Amino acid sequence: MKIAMTGVSGNMGAEALRQTLGLPGVERVRVLLTRRKKNEGLAHRLAREYGQRLEVLFGDIAQPQSCARLVEGADYVVNMAAVIPPRSDADPAASEHCNERGAVALADAVRAMPRQAKFIHISTIALYGCRNQLHPFARVGDPLVISPFDIYSLHKLRAERYVLEAGLENWVILRQTAMLHAKMLESNMSDGLMFHTCLNSPLEWVSARDSGCLIRRILERDGAGELGAFWNRVYNIGGGAHGRLTGYDTFRTGFAVMGGSPEKFFRPEWLAARNFHGVWLADANVLQELFGYQRDGVEQVWADIARRHRAYRLAQAVPPALIVQTFFRRLLEHPNSPMRWKKEGDEARVFAFYGGARIPAGWDEVKLMAKGDFGDYAALRDEGRAAEEGRLLSHGFDDGKPPEAWTMADCAGAAAFRGGECLAESWNGAFRPVLWRCHDGHVFPATPYTVMGAGHWCPYCAPLPWDFDRQAKHNPFYAQVWYDTHAKDEDVCYFLDESGRPCMRPAEDV
């Protein structure tokens, strides 16, 4: 078995590489690294550890020549390369280069192979946008209403759609959930990104180690001929019930390592009220049942972090006020902090992240899912009860049927639920492109699976700009979740000006 990988310098990629090279049937793994000093050091370490079974290429993931060299002779190509927040916020060009153009170049390289490799593309659950206690669970096929000004999600959305429509023989898209790794705290102590997290955002965590295990198990089982109908589908990577927390819970478990809590370290007004990306996954069991990769619990991972970082244990002896002053208050002035936006009068981002919400002055006024203020917390986290109680989103057709059983009537129902229509005159299967028309009159080709199975809709109406206030008024598919965090009388279009600065205007001006 010959495998090509990108993204092995990241947390998931490093684990996937390590665990994949532990498989006896793997003859060679070829990896692509950007040439910089840090990666040159990584290449030397990998060569010492794995010898001739590992081949390192230095190149550019967005260049066709680099991708062609990477995939040559491969049986599997695993794309884990990503520029993630906060770097994607600070450097949108790097995000586009890696997250979008890189995925396009890699898919093109696979399609051009004389014998196509099987392509595994890592996407993100950030495509589901902002969720709260009203619809905390998502599943594949839900609307992709990415949060305004979320550059990472914008480029991942476009990349995913390209892979879906690229005409590859064997592909799979895995939407990665929130990931726990050994550098969690230190990675978030230099940017205002942590203040984007809403206290009631549902977050389903999986560890980097478990994510790497999933990749290994896919390669292992498919190499043994055990997967069959697994390919040509989109799946959610989740952590399962033991990984389901909220934003508040996440801060609670992380700050406990330093002897603190959200109440000791934060004020409620520092945190966004909406426009984050996080969700629990009603269908995380699908991959779990196939591959049995969910092993690490959240508390266990944080305990491992505490054991590895003596400084966090020592912080438990430091007065909380000193930790707040040293680590958190300085981040309020960071350009990516909501408090900085308020101070500078950044109207567009402040409205995107707060709307008309009144932020409580003290913790005694804050309503929290984790403390039962919206009903039984255990019941809210139970995906079975969410399905029974009708708390999952509708897809506009009988989505209990497999794609092979879909009909023209299903396509028509799905399109109408999105405010448009399906223009196909005959049924040629879920994976052959047909024409669709959106409410605004745009005609576009897409496979029924891209629209009905994966949740995409009109590529001309999709961001940019972020125009969901207007679209939700005639698109029930979007409206059922958009209005969980946006008032129906909001009428705003969010966009970036020529310099990349976040802006807003009335939606009727679009």
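Structural data are supplied above this passage.
Quick look at the structure, then. Since the structure is predicted, the reported quantities are computational estimates derived from the model, not experimental observations.

Basis of the calculations
Residues numbered from 1 in each chain as written. Predicted model: local features only at pLDDT ≥ 70, side-chain atom pairs only at ≥ 80, totals over all residues. Heavy atoms only, no water. Helix = DSSP H or I, 4+ residues; strand = E, 2+ residues; numbered from the N terminus. Rg over C-alpha atoms; globule rule 2.2 N^0.38 Å. Buried < 20%, exposed > 50% of the residue type's maximum accessible area, 1.4 Å probe, protein only. Contact = heavy atoms within 4.5 Å. Polar contact = N/O pair within 3.5 Å; in protein donor to acceptor, adjacent residues only side chain to side chain. Pairing = 2+ DSSP bridges. Axes fitted to C-alpha atoms, helices over the stretch in contact; angles between N-to-C directions. Core = buried A, V, L, I, M, F, W, Y, C linked by side-chain atoms within 4.5 Å.

### Digging into the overall build of the chain
Right, so step 1: Regarding its fold elements, the chain presents 22 helices and 17 strands.
Right, so step 2: For the chain, the C-alpha radius of gyration of 22 Å lies close to 24 Å, the compact-globule estimate for 510 residues.
Right, so step 3: For the chain, the spread of C-alpha atoms along the three principal axes comes to 60 × 60 × 45 Å.
Right, so step 4: Looking at the chain as a whole, 58% of its 510 residues are labelled buried.
Right, so step 5: Look at the contacts in the chain between residues 6 or more apart in sequence, and 74% of them connect residues 24 or more apart.

### A short note on the side chain of Q19
Right, so step 1: Looking at the secondary structure, you find Q19 in helix α1 (residues 11-20).
Right, so step 2: Reaching out from Q19, the side chain makes a polar contact with the backbone oxygen of R209 at a distance of 2.9 Å.
Right, so step 3: Side chain to side chain, Q19 and R216 meet in a polar contact 3.3 Å long.
Right, so step 4: What Q19 contacts, discounting residues up to four positions off in sequence, is R209, G212, C213, R216 and R295.

### Quick notes on the sheet that holds strand β4 (residues 76-79)
Right, so step 1: With parallel pairing, the 7 strands of this open sheet are ordered in space as β3-β2-β1-β4-β5-β7-β10. Edge positions in the sheet fall to β3 (54-58) and β10 (233-237), since each has one partner strand and no second. Each adjacent strand pair in this sheet contributes to an overall mean axis angle of 20°, direction not counted.
Right, so step 2: Direction of pairing for strand β1 (residues 2-6) relative to strand β2 (residues 28-33): parallel, over a ladder of 5 bridges. What sits directly across from A4, in β2, is R30.
Right, so step 3: Helix α2 (residues 37-50) rests against β2 and β3 of the sheet, and its axis sits at about 165° to β3.
Right, so step 4: Across the sheet, helix α8 (residues 208-223) is in contact with β1, β4, β5 (118-124), β7 (171-176) and β10; its angle to β5 comes to roughly 155°.

### Some words on the environment of T6
Right, so step 1: One can find T6 in strand β1.
Right, so step 2: Along the chain, T6 and R131 lie 125 residues apart, while their C-alpha atoms are 30 Å from each other.
Right, so step 3: Once you skip the residues sitting within four places of it in the chain, T6 turns out to touch L32, I61, L70, V78, N79, M80, A81 and L106.
Right, so step 4: A polar contact of 2.6 Å, which involves the side chain of T6, links it to the side chain of N79.
Right, so step 5: Engagement of the side chain of T6 in a polar contact is seen with the backbone nitrogen of A81, the distance being 3.2 Å.

### Points about the nonpolar core
Right, so step 1: Counting 96 residues, the largest nonpolar core has V77, F119, W436 and W457 as its most contacted members.
Right, so step 2: Looking at which element gives the most residues to this core, the answer is helix α5 (residues 92-111), with 7 residues.
Right, so step 3: With residues near it in sequence (within four places) discarded, V77 still touches A4, V71, L106, V110, A117, K118, F119 and I120.
Right, so step 4: Counting 40 residues, the second-largest nonpolar core is a separate cluster that includes Y50, V172, L174 and C213.

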